[in-house]
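Architecture and fold: a report
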Amino acid sequence: AQKVTQAQTEISVVEKEDVTLDCVYETRDTTYYLFWYKQPPSGELVFLIRRNSFDEQNEISGRYSWNFQKSTSSFNFTITASQVVDSAVYFCALRSSNTGKLIFGQGTTLQVKP
Amino acid sequence: DTAVSQTPKYLVTQMGNDKSIKCEQNLGHDTMYWYKQDSKKFLKIMFSYNNKELIINETVPNRFSPKSPDKAHLNLHINSLELGDSAVYFCASSQESWLAGGRAQNIQYFGAGTRLSVL
């Protein structure tokens, strides 16, 4: 069975703090893809990153960074120097290479206070 | 230009009615999807079409019927609406087959969502 767990339901930080959103996944596939999406208060789903299972390089994009560790089946997302505009629900998702469907985690609501 | 567009954005209707949600993508993708987001924000796939062919059909009541007239459009028709159908419905699209000279992206891009309220 495939599953994504985001154990943190809600996180609240003060602006400029660093924050890490955890994501743990389960799959028996040897090839798969992991994603992060952002859902701001306006409601749309915004793609942030895709990582495939054979590429464990960490990635940094501005204030965002992602740490993928196959050994612990985790794909964590860190926001450095958080800003109020980062307030949103963040979803981690898993995609099997065999099917197109995304299996989403429960989402983590991040609130960044000024 | 909006890449994946859904209409309407809001839909308020009475129980028992039939309604449709339309989705169009201008990204040239070959695959489209419908997802449902419930009141707890949980997202779950409902259907997927690849080049007008149904390829994913999750356990969804048969009151829900997707229709894909061409690969740029995927509509969702719901018969005999029930209170439990109230949710946000998201359309998405992706390029799944290998592109000539490149790799398939497999990234799903979502529309803005349609908030359905059944009274």
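As shown above, the structure is provided for reference.
Residues numbered from 1 in each chain as written. Chains lettered and ligands numbered in written order. Predicted model: local features only at pLDDT ≥ 70, side-chain atom pairs only at ≥ 80, totals over all residues. Heavy atoms only, no water.

Topic: the overall build of chain B
Broken down by element type, chain B carries 0 helices and 11 strands. In chain B, the order of α-helices and β-strands from amino to carboxyl end is β-β-β-β-β-β-β-β-β-β-β. Taking 14 Å as the expected radius of gyration for a compact globule of 119 residues, we find that chain B reaches 14 Å, a close match to that expectation. Along the three orthogonal principal directions, the C-alpha set of chain B runs to about 50 × 30 × 25 Å. When burial is assessed residue by residue, chain B has 44% of its 119 residues classed as buried. Surface exposure of chain B reaches about 6100 Å², of which carbon and sulfur atoms provide 51%. Of the side-chain charges in chain B, 13 are positive and 11 negative, and the distance between the mean point of each set is 5 Å. (Helix = DSSP H or I, 4+ residues; strand = E, 2+ residues; numbered from the N terminus. Rg over C-alpha atoms; globule rule 2.2 N^0.38 Å. Buried < 20%, exposed > 50% of the residue type's maximum accessible area, 1.4 Å probe, protein only. Areas by Shrake-Rupley, 256 points an atom, 1.4 Å probe, with all protein chains shown as cover. Lys, Arg positive; Asp, Glu negative; His and termini not counted. Charge placed at Lys NZ, Arg CZ, Asp CG, Glu CD.)

Some points on the layout of surface pockets
Unfilled space is identified by rolling a water-sized probe across the atoms. In this structure, the largest pocket occupies an estimated 350 Å³ of space. For the lining of the largest pocket, the elements supplying multiple residues, two or more each, are β10 (88-96) of chain A together with β9 (87-94) and β11 (114-118) of chain B. Residues of the lining of the largest pocket, tallied by class, amount to 10 nonpolar, 8 polar and 4 charged. One number sums up the size of the second largest pocket: a volume of about 190 Å³. Along the lines of polarity and charge, the residues of the lining of the second largest pocket split into 6 nonpolar, 1 polar and 3 charged. (1 Å grid on protein atoms, 1.4 Å probe; cavity = no way out; pocket = protein on both sides within 12 Å on 5 of 7 lines; lining within 4 Å. Points joined across faces, edges and corners; volume = space filled by probe spheres on them. Nonpolar A, V, L, I, M, F, W, Y, C, P; charged D, E, K, R; others polar.)

Looking at the packing of aromatic side chains
On inspection of all chains with the given rule, the structure shows 21 aromatic pairs over all chains. With centroids separated by 5.2 Å and ring planes inclined at 55°, the aromatic side chains of A:Tyr25 and A:Tyr32 adopt a geometry described as tilted. A:Tyr32 carries the same exposure label as A:Tyr25, and that label is buried. Ring geometry for A:Phe104 versus B:Tyr35: centroids 5.7 Å apart, planes at 90°, classification edge-to-face. Residue A:Phe104 is located in strand β11 (residues 102-104), and its partner B:Tyr35 is located in strand β4 (residues 31-37); the two belong to separate chains. (Phe/Tyr/Trp six-rings, centres within 6.5 Å; stacked < 30°, edge-to-face > 60°.)

Quick word on unusual backbone geometry
Note that the residue after B:Thr7, namely B:Pro8, is joined by a cis bond; omega there is -5°. Not every positive phi belongs to a glycine, and A:Lys16 is a case in point at roughly 85°. Within the secondary structure, A:Lys16 is located in the loop between β2 (10-14) and β3 (19-21). In this structure A:Lys16 comes out as exposed when scored by relative accessible area, which is 69%. With phi around 75°, B:Lys41 is a residue other than glycine that occupies positive phi space. As for its position among the elements, B:Lys41 is in the loop between β4 and β5 (43-50). The class of B:Lys41 is partly exposed, set by a relative accessible area of 35%.

Some thoughts on the interface of chain B and chain A
Between chain B and chain A, the residue contacts involve 22 residues of the former and 20 residues of the latter. Where chain B abuts chain A, roughly 1700 Å² becomes buried across the two surfaces, and 56% of that area is made up of carbon and sulfur atoms. The shortest N-O distance in the salt bridge between A:Arg95 and B:Glu96 comes to 2.1 Å. In this structure, the connection of chain B to chain A is made through 6 residue pairs in polar contact (both at pLDDT 80 or more). If you list the elements that add at least two residues to the side of chain B that touches chain A, you get β4, β5 and β10 (109-110) of chain B. Residue composition of the side of chain B that touches chain A, grouped by class: 12 nonpolar, 5 polar and 5 charged. (Contact = heavy atoms within 4.5 Å. Buried area = accessible area lost by both parts, 1.4 Å probe. Salt bridge = Lys/Arg side-chain N within 4 Å of Asp/Glu carboxyl O. Polar contact = N/O pair within 3.5 Å; in protein donor to acceptor, adjacent residues only side chain to side chain.)

Describing the pairing of β2(A)
All names here are of chain A. Alternating positions in β2 separate cleanly, Ile11 and Val13 being buried on one face and Glu10, Ser12 and Val14 remaining unburied on the opposite face. Bridging between β2 and strand β12 (residues 108-113) involves 5 bridges; their strand directions are parallel. Directly across from Ile11, in β12, lies its bridge partner Leu110. (Pairing = 2+ DSSP bridges.)

Keep in mind these values describe shape, not function.
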